[in-house]
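Breakdown of the fold
Take a look at the letters that make up each chain.
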Amino acid sequence: MEFLSYFGGVFEPTAFLLLLGGTIGGLILGATPGLSPTMAVALLIPFTFHLSPTQGLILLGAAYTSTVAGGAVSAILLKIPGAPANIATALDGNAMAKNGEGARALHLSFLSSGIGGVIGVLLLIFLTPILAQWALAFGPSHLFWMAILGVTVIGSLDSKSFVKGLLSGCIGLWLSMIGFDDNLGAQRFIFSDALTGGINIIAALIGLFAIPQVLDMFAKGRSNSVIEAIEVPKQKFMDSLKEISRSGRSLSIGTVFGSIIGLIPGVGGQIAGLVAYDQAKKFSPEKEKFGTGHPEGLIAAESANNAMVGPSLVPLLTLSIPGSPTAAVLLGGLIIHGIFPGSDLFDNHPEVAWTFINSMLIGQILMVIFGIYTATWAARIARAPVPIMAAAVMVLALFGAYSVQQSMGDVYVMLSLGVGMFFLEKFGFSAAPLVLGLILGPIAESNFTTGSLIANAQNGPVEYFMTGTLNIFLIVLVLASVFYSFWSNMMHGKAAKSEGATS
Amino acid sequence: MTAFRLQHTISSGIVFLVAAIITYISFTQEPADAFLFPRMIAIFFISLAAWNFVRALTGVAKVGVGLDIVEFKNIVPGLAVMLIFMFFAAKVIGFFLSSTIAFMIIFTLYDPAPLNDGKAWMKRLIVTVCFMAVMYCLFALLLKVQTPSGILF
């Protein structure tokens, strides 16, 4: 119950204001189609430089939580999921809004998000210290394999093509090696003066997540499409509260599936929402009502996508393996403050770890309160014209990248990586494994170097890196993630072929 | 060969070329100790890139939507504005002024409102000034970021 003693930190004026700002801002950004939670968190990182690590993480955590929930607003009112995690929400949420139950849908969505989110964070609170203590037994060889596992898991599970996912991871690992190697005194892959100091993670994150979205908005051209929002009649909040208290089945399905899926690195909120929706439909006596504006579908989807937020941070905070692309960006936010996940975080910086986790708990409650009262307002902002959004995100990305080290070199890196990623994404490559490679590359290399030194003094690198229960377990996990992905790609290919043959 | 397959082949070819260059550099540069980890990664990188290239050549690689010529044409003007800002305007005329101009140009380029509409111009001007004022307050006043001032601002 160590976490209870750090609750005071959340209510310090600056920290609470940041939590409030992050929550409201996140709700608005989340409600805006085209602005993903990952991009929102990446754009916020430059602002955390001027804050303490705790305050910075509070801001990022609040934005992460509320952008996922805010995405439900546009899913319900505009039928455009604000984030991939809200795809399942649009199925019944929009139908409810069209049936004149927009306010009811919004209330149920935020209430179920809040309940799922609180349970997810409680899971985070109780699982992280256990896993962090377990991580204490890790030596350099295990940490090396953990870093490789992080890249391969996200590379193979988060991409449509496992070859391209792993290739993206390799590109990220290579990018992490650019610059001057302080340990061995060598220049590596420095093709331009802007790269002498290596690739700045924050500039890279902004470029990889924000610039492709800006270019996607440019790609629409001078389109005159007007998004019609549905009018929202008023609904008594108490009625919604009573209704959610009677929705135990869909809430528990959403929360359980969301939490489990959140714990699996690389799977993400989109899968959580869709799996929970599907399971809620299977268990419901009113299956036929799903898709026609049935609140059970909405509740299951929304409780799942927010329940996964807390558990997705468990592997991140304990083993440095982010559970989702947004968690990968959070890892970048931790590392720039000189804080490394695992036992170091909980033993040497408990105030940072626990205040951050507690803030996520309080953030869930704030998210419900502000979500309900700002939803229709946020939907109006979400209808901001695409050219304004494109120009605003572009300028914010330029300023954000420049402000990291007050260097134009970072702006060049940001834009080059962003434009490159836009084209790579068109051919099935994915930003998440690339970012993981970039973040985990230095961790993998430094542990490989330290491990090699130890190995040379003992029985050689093969025995040091390849033997021992934990090493073998981690190697098996690395291989299993790759082979599972290879197998599911093959199955998917076969299914597509047989579909093509029958049609 | 279809345009889609050709696009996949070209993109996979570029990735393979990059992997080949990295592998060559990793195995030819000294000191060897500093390039030990890059060499390990390069082996996986070049193997995967070669596999990906062969898949693209044989038409197996189909993941991704590819590039649409209309979309590409739409992107070019906006991208050009970004590049001019980055390599020329920011340093010469100043970071704030050039980003204000870049915002205004991008808004105008992609705004469906006609170019001879006075009201639309007024809206563009107001939105640009308001947004850049917020950016100035955030970055210059609050975060004390010192941007290149150039000859103007």
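Residues numbered from 1 in each chain as written. Chains lettered and ligands numbered in written order. Predicted model: local features only at pLDDT ≥ 70, side-chain atom pairs only at ≥ 80, totals over all residues.

**Topic: the overall build of chain B**
What chain B contains, in helices and strands, is five helices and zero strands. Mapped in sequence order, the helices and strands of chain B form the string α-α-α-α-α. For chain B, whose C-alpha radius of gyration is 23 Å, the value lies well above the compact-globule estimate of 15 Å for 153 residues. Classification of the 153 residues of chain B by burial places 31% in the buried group. Within chain B, contacts between residues separated by at least 24 positions form 66% of all contacts whose residues are at least 6 apart in sequence. (Helix = DSSP H or I, 4+ residues; strand = E, 2+ residues; numbered from the N terminus. Rg over C-alpha atoms; globule rule 2.2 N^0.38 Å. Buried ≥ 20, exposed ≤ 12 C-beta atoms within 10 Å, placed from the backbone. Contact = placed C-beta atoms within 7 Å.)

**As for the overall build of chain A**
The number of helices and strands found in chain A is 22 helices and two strands. Along the three orthogonal principal directions, the C-alpha set of chain A runs to about 70 × 65 × 50 Å. Taking the intrachain contacts of chain A between residues at least 6 apart in sequence as the baseline, contacts between residues at least 24 apart amount to 79%.

**Some words on the packing of helix 3 (residues 37-48) of chain A against helix 15 (residues 325-335) of chain A**
Residue and element names in this part refer to chain A. The geometry of helix 3 relative to helix 15 is characterised by a closest axis approach of 9 Å and an angle of 10° between their N-to-C directions. Accordingly, the angle class assigned to the pair helix 3 and helix 15 is roughly parallel. For the pair helix 3 and helix 15, the contacting residues are P37, T38, V41, A42, I45 and T48 in the first and P325, T326, V329, L330, G332 and G333 in the second. Broken down by class, the residue content of the contact of helix 3 with helix 15 amounts to seven nonpolar, five polar and no charged. (Axes fitted to C-alpha atoms, helices over the stretch in contact; angles between N-to-C directions. Parallel < 35°, antiparallel > 145°, perpendicular 65-115°, else oblique. Nonpolar A, V, L, I, M, F, W, Y, C, P; charged D, E, K, R; others polar.)

**Considerations on the nonpolar core**
As a rule of thumb, nonpolar side chains are buried together in soluble globular proteins. By size, the foremost hydrophobic cluster in this structure holds 209 residues, and its most contacted members are L205, I206 and A397 of chain A. Built from parts of two domains, this core gets at least three residues from each of domain 1 (3-57) and domain 2 (69-142) of chain B. Beyond its immediate sequence surroundings of up to four residues, L205 of chain A is in contact with A42, I45, V329, G332 and V435 of chain A. (Core = buried A, V, L, I, M, F, W, Y, C linked by C-beta atoms within 7 Å. Domains from an automatic or database assignment.)

**Things to note about the environment of I151 of chain B**
Residue and element names in this part refer to chain B. Relative to the elements of secondary structure, I151 occurs in the segment after helix 5 (118-142). Residue classification places I151 among the exposed residues on the basis of 9 C-beta atoms within 10 Å. For the pair I151 and F139, spaced 12 residues apart in sequence, the C-alpha separation works out to 20 Å. The residues touching I151, leaving out its near neighbours within four places in the chain, are V92, I93 and G94.

**A short note on the domain arrangement of chain B**
Domain annotation of chain B identifies domain 1 (3-57) and domain 2 (69-142). Here the C-alpha centre of domain 2 of chain B lies 38 Å away from the C-alpha centre of domain 1 of chain B.

**A few points about helix 2 (residues 36-57) of chain B**
Along its 22 residues, helix 2 of chain B runs 32 Å from first to last C-alpha, staying within 8% of the 32 Å computed at 1.5 Å per residue. Within the sequence span of helix 2 of chain B, burial applies to F37, P38, I41, A42, F45, I46, L48, A49, N52, F53 and A56 of chain B. Residues of helix 2 of chain B that are buried make contact with helix 7 (162-177), strand 2 (186-188) and helix 20 (431-457) of chain A together with helix 1 (3-28) of chain B. G59 of chain B sits one or two positions beyond helix 2 of chain B and adopts a positive phi of about 80°. (Expected span 1.5 Å × (residues − 1).)

**As for helix 2 (residues 13-31) of chain A**
Between its terminal C-alpha atoms helix 2 of chain A stretches 27 Å, which fits the 27 Å expected from 19 residues at 1.5 Å a residue. When helix 2 of chain A is considered as a whole, its buried residues turn out to be A15, L18, L19, G22, T23, I24, G26, L27, I28, L29, G30 and A31 of chain A.

**A short note on the interface of chain B and chain A**
Much of the literature gives interface size as the accessible area that the parts lose upon coming together. Listed per partner, the contact involves 48 residues of chain B and 47 residues of chain A. When residues of the side of chain B that touches chain A are traced back to their parent elements, those giving at least two are helix 1, helix 2, helix 3 (69-92), helix 4 (95-110) and helix 5 of chain B. Examining the composition of the side of chain B that touches chain A, we find that 10 residues originate from one element, helix 2 of chain B, more than from any other.

**Observations concerning the environment of M490 of chain A**
Residues and elements named next belong to chain A. Positionally, M490 belongs in helix 22 (residues 469-502). Note on M490: 11 C-beta atoms within 10 Å, which makes it exposed. Through-space distance from the C-alpha of M490 to that of H50 is 48 Å; in sequence the pair is 440 residues apart.

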